[in-house]
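Read off the chains here:
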Amino acid sequence: MTSSTEKIKEKLRAKIKECRKKLSLTQLELGIQADVTEDYVHSLEAGRRTPSLDVLCRLADALKVEPYELLK
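All values reported here derive from a predicted model rather than from experimental measurement.

Undergrad: Quick question: what am I supposed to make of the overall build of the chain here?
TA: From N to C terminus, the chain includes 4 helices and 0 strands. Relative to its length of 72 residues, the chain is compact, with a C-alpha radius of gyration of 11 Å against a globular reference of 11 Å. Considered along the principal axes of its C-alpha atoms, the chain spans approximately 30 × 20 × 20 Å. Counting every position in the chain, which comprises 72 residues, the buried fraction comes to 35%. Within the chain, contacts between residues at least 6 apart in sequence are counted, and of these 51% link residues at least 24 apart. Carbon and sulfur atoms make up 53% of the accessible area of the chain, which amounts to about 4,600 Å² in all. Charge centroids of the chain, computed over 14 positive and 12 negative side chains, lie 6 Å from each other.

This is the structure:
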């Protein structure tokens, strides 16, 4: 992957975790709200997975932010 792709993935990983912790949600709770598994959330936060646009939007809804904010 390109370095810009890696930078975006790192920002996404960190922002998901930051927003989740700000709402005091566990990975399981976020997964339930976003209709993904706890393992999937763990993999996202660890940088091993990249969400589809659909999942990104569901995560943003669960985290009470706009989807673009997860990429800032």
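Undergrad: What's the story with the nonpolar core in this structure? I'm lost.
TA: Note on soluble globular proteins: their nonpolar side chains tend to be buried together. By size, the foremost hydrophobic cluster in this structure holds 18 residues, and its most contacted members are Ile16, Leu30, Val36, Leu59, Leu63, Val65 and Leu70. When contributions to this core are tallied by element, the ones reaching two or more residues are α1 (3-22), α2 (27-34), α3 (38-45) and α4 (53-63).

Undergrad: Explain the packing of α2 against α4 to me, please; I cannot follow it from the model alone.
TA: Packed helix pairs are specified by the crossing angle of their axes together with the interaxial distance, meaning the distance between the axes. The N-to-C vectors of α2 and α4 enclose an angle of 115°; their axes lie 8 Å apart at closest approach. Between α2 and α4 the crossing geometry is right-handed. In this structure, α2 contributes Leu30, Gln33 and Ala34 to the contact, and α4 contributes Arg58, Leu59, Ala62 and Leu63.

Undergrad: So what exactly am I meant to see when it comes to α1 here?
TA: Think of an α-helix as turning once every 3.6 residues; residues three or four places apart then point the same way. With 20 residues, α1 extends 28 Å from end C-alpha to end C-alpha; this agrees with the ideal 28 Å at 1.5 Å per step. Residues of α1 that are buried include every one of Lys9, Leu12, Ile16, Cys19 and Arg20, and no others. One side of α1 carries all its buried residues, which in axial view fall inside an arc of 110°. Opposite its buried face, α1 presents the exposed residues Ser3, Lys7, Lys21 and Lys22, each directed more than 90 degrees away. Elements in contact with the buried residues of α1: α2, α3 and α4. Directly beyond the C-terminal end of α1, a positive phi value near 55° is found at serine 24.

Undergrad: Explain empty space enclosed by the protein to me, please; I cannot follow it from the model alone.
TA: Rolled over the atoms, a probe as big as a water molecule pinpoints where empty space is left. Per the counting criterion, the structure on display carries 1 cavity of 30 Å³ or more. One number sums up the size of the largest cavity: a volume of about 30 Å³. For the largest cavity, the full set of lining residues is Lys9, Leu12, Ile16, Leu44, Gly47, Arg49 and Thr50. Residue contributions to the lining of the largest cavity peak at 3 residues, all from α1. Among the residues forming the lining of the largest cavity, the class breakdown is 3 nonpolar, 2 polar and 2 charged.

Thresholds, definitions, all that
- Residues numbered from 1 in each chain as written.
- Predicted model: local features only at pLDDT ≥ 70, side-chain atom pairs only at ≥ 80, totals over all residues.
- Heavy atoms only, no water.
- Helix = DSSP H or I, 4+ residues; strand = E, 2+ residues; numbered from the N terminus.
- Rg over C-alpha atoms; globule rule 2.2 N^0.38 Å.
- Buried < 20%, exposed > 50% of the residue type's maximum accessible area, 1.4 Å probe, protein only.
- Contact = heavy atoms within 4.5 Å.
- Areas by Shrake-Rupley, 256 points an atom, 1.4 Å probe, with all protein chains shown as cover.
- Lys, Arg positive; Asp, Glu negative; His and termini not counted.
- Charge placed at Lys NZ, Arg CZ, Asp CG, Glu CD.
- Core = buried A, V, L, I, M, F, W, Y, C linked by side-chain atoms within 4.5 Å.
- Axes fitted to C-alpha atoms, helices over the stretch in contact; angles between N-to-C directions.
- Left-handed = near helix turned anticlockwise from the far one by under 90°.
- Expected span 1.5 Å × (residues − 1).
- Arc of directions from axis to C-beta.
- 1 Å grid on protein atoms, 1.4 Å probe; cavity = no way out; pocket = protein on both sides within 12 Å on 5 of 7 lines; lining within 4 Å.
- Points joined across faces, edges and corners; volume = space filled by probe spheres on them.
- Nonpolar A, V, L, I, M, F, W, Y, C, P; charged D, E, K, R; others polar.

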